[in-house]
Amino acid sequence: MTHVFPSRTRMAQFKPFVRPAPLAQQAPTARAYQPQTPQSGSGNSAAAALAPAEGTDSLRQRRTPLTRSAQISWLTADGGPAVRSVTVPATELYESAFNAFARGTLIATPSGPVAIEDLIPGDAVLTHDGDVLPVRWIGSMTLFPDLPVDNPDLVQVTRLLTDHFAPGKPFADLLLGPGARLLGRDAGQAALVPATALRDGVSMFAVRPRQPVQLHHLMLSRHAVILAGQVPVETWHPGPGLAKRIGGTPLAFLMTLFPHLTDPSDFGPLCLPRQDLQADARPAFGQSYDDQHAGSLTIDA
C-alpha cells in the first residue's frame, strides 16, 4: 500500500528494517533461488525477477541471500513525497539502487550539508558542477555483515579517513557502500570509478561492520555527481541499454521500484562513462585495461 506523507516528513520516520531469518531456519527447497514472498504493494513479484539462468552454480545459489527488504520514497505527481516498503532480489543491479551512502553521510545542499537520511524527495542538492537539482527518488536498505555471501564486497563498506584525497576531502570520515562510484579518471579520462577500486589499504580501506548498517542511494532529475562529505559521488543510474540487458519480467519489476518513471528511457543518459561494480569486470586499482594505462585510476576530488 502506498502512503503519502506531508512534504517535510523526515526519512527517520520510516518503518524499521526487518532482519532476515538465518538461512538455516529457512525451509529447505529442491529449487535454488526460491525467493521470499514480496511484501504487499511491492509491484511485480521479486520471484519472477529472480528466475535463475540455466547451469548456474548450485552452491553459489544456495549461499547467496535471496531477497532483501528495502524502502523507497519518491516525488509524486502532486509534488509531495510518498514512501513504500519493497522486497528486491539480492543481485547487484537491484541492490546498487540502495547501497551507496551510509547513514550519517552529509550531502551538500544549497542550505548546507544535510544527512542522507534527512533528505526527502523534493529537496534540492548541489552537484559537483555547481547546479542545483531536486531529489526525485531515495532508496534505503540495511547491510547485514553476517550474511553468508560469495563476494565479501557485498557485506563490506569502504571507509575514507578525513583528508584522504585533499584537505577537507572528505571533511570527516566517510563510509560508502558497495554501490558507490566516485568521480575520477581512468586512463586520463573523466570516469565514475567504484569506491572498491580506489582502496589503498591505508586511508581508504574495506571494513566489515560488526553491526547492521543502514545504506541509502538517491536519484535527481538527471544522472549527476553530488558531494558527499565534499567527495564527488554519482547518483544512481541503472546503466545504458537497460531494456536489452535484462528485459521482460526483471525489467518490469525494476520499473515498479521507480513509480515516478514510466519507461526505461526516463532514466536518461549517464553523465560520464563509468566502470562496472564487479571486481572481475574492471581493472583493480593501479591497473587498467591494457599495459599502456597501468596505474591510471585517480580521483577528481
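Residues numbered from 1 in each chain as written. Predicted model: local features only at pLDDT ≥ 70, side-chain atom pairs only at ≥ 80, totals over all residues. Heavy atoms only, no water.

A. Structural context of the overall build of the protein. Of the regular secondary structure elements, the protein holds 5 helices and 17 strands. For the protein, with 301 residues in total, the buried portion stands at 47%. Total accessible area on the protein is roughly 13,900 Å²; 52% of this is exposed by carbon and sulfur atoms. (Helix = DSSP H or I, 4+ residues; strand = E, 2+ residues; numbered from the N terminus. Buried < 20%, exposed > 50% of the residue type's maximum accessible area, 1.4 Å probe, protein only. Areas by Shrake-Rupley, 256 points an atom, 1.4 Å probe, with all protein chains shown as cover.)

B. Seen up close, the nonpolar core. One finds Phe101, Ile107, Leu176, Leu182 and Leu220 to be the most contacted residues of the largest nonpolar core, which totals 26 residues. It is strand 8 (residues 132–143) that provides the largest number of residues to this core, a total of 3 residues. Formed by 23 residues, the second largest nonpolar core is a distinct cluster that contains Trp74, Leu93, Met219 and Leu242. (Core = buried A, V, L, I, M, F, W, Y, C linked by side-chain atoms within 4.5 Å.)

C. Local environment of the packing of aromatic side chains. Inspection of every chain in the model, using the stated rule, returns 6 aromatic pairs. Judged by centre distance (4.6 Å) and plane angle (40 degrees), the rings of tryptophan 137 and phenylalanine 258 are tilted. Taken together, the residues tryptophan 137 in strand 8 and phenylalanine 258 in the loop between helix 5 (248–256) and strand 17 (298–299) connect sequence positions 121 residues apart. The same class applies to tryptophan 137 and to phenylalanine 258, which are both buried. (Phe/Tyr/Trp six-rings, centres within 6.5 Å; stacked < 30°, edge-to-face > 60°.)

D. How the structure looks around the pairing of strand 16 (residues 231–234). On strand 16, burial covers both faces: Val231 and Val233 on one face and Pro232 and Glu234 on the other are all buried. Pairing geometry for strand 15 (residues 225–228) and strand 16, over 4 bridges, is antiparallel. Across the sheet, alanine 228 pairs through a bridge with valine 231, a residue of strand 16. Hairpin connection from strand 15 to strand 16: 2 residues lie between these consecutive antiparallel strands, with glycine 229 at a positive phi of about 60 degrees. (Pairing = 2+ DSSP bridges.)

E. Quick peek at the side chain of glutamate 117. Residue position: glutamate 117 is located in the loop between strand 6 (114–115) and strand 7 (124–126). No salt bridge forms around the buried glutamate 117; measuring N to O, its nearest opposite-charge neighbour arginine 103 is 4.1 Å away. One polar contact links the side chain of glutamate 117 to the main-chain amide nitrogen of glycine 104, over a distance of 2.8 Å. (Lys, Arg positive; Asp, Glu negative; His and termini not counted. Salt bridge = Lys/Arg side-chain N within 4 Å of Asp/Glu carboxyl O. Polar contact = N/O pair within 3.5 Å; in protein donor to acceptor, adjacent residues only side chain to side chain.)

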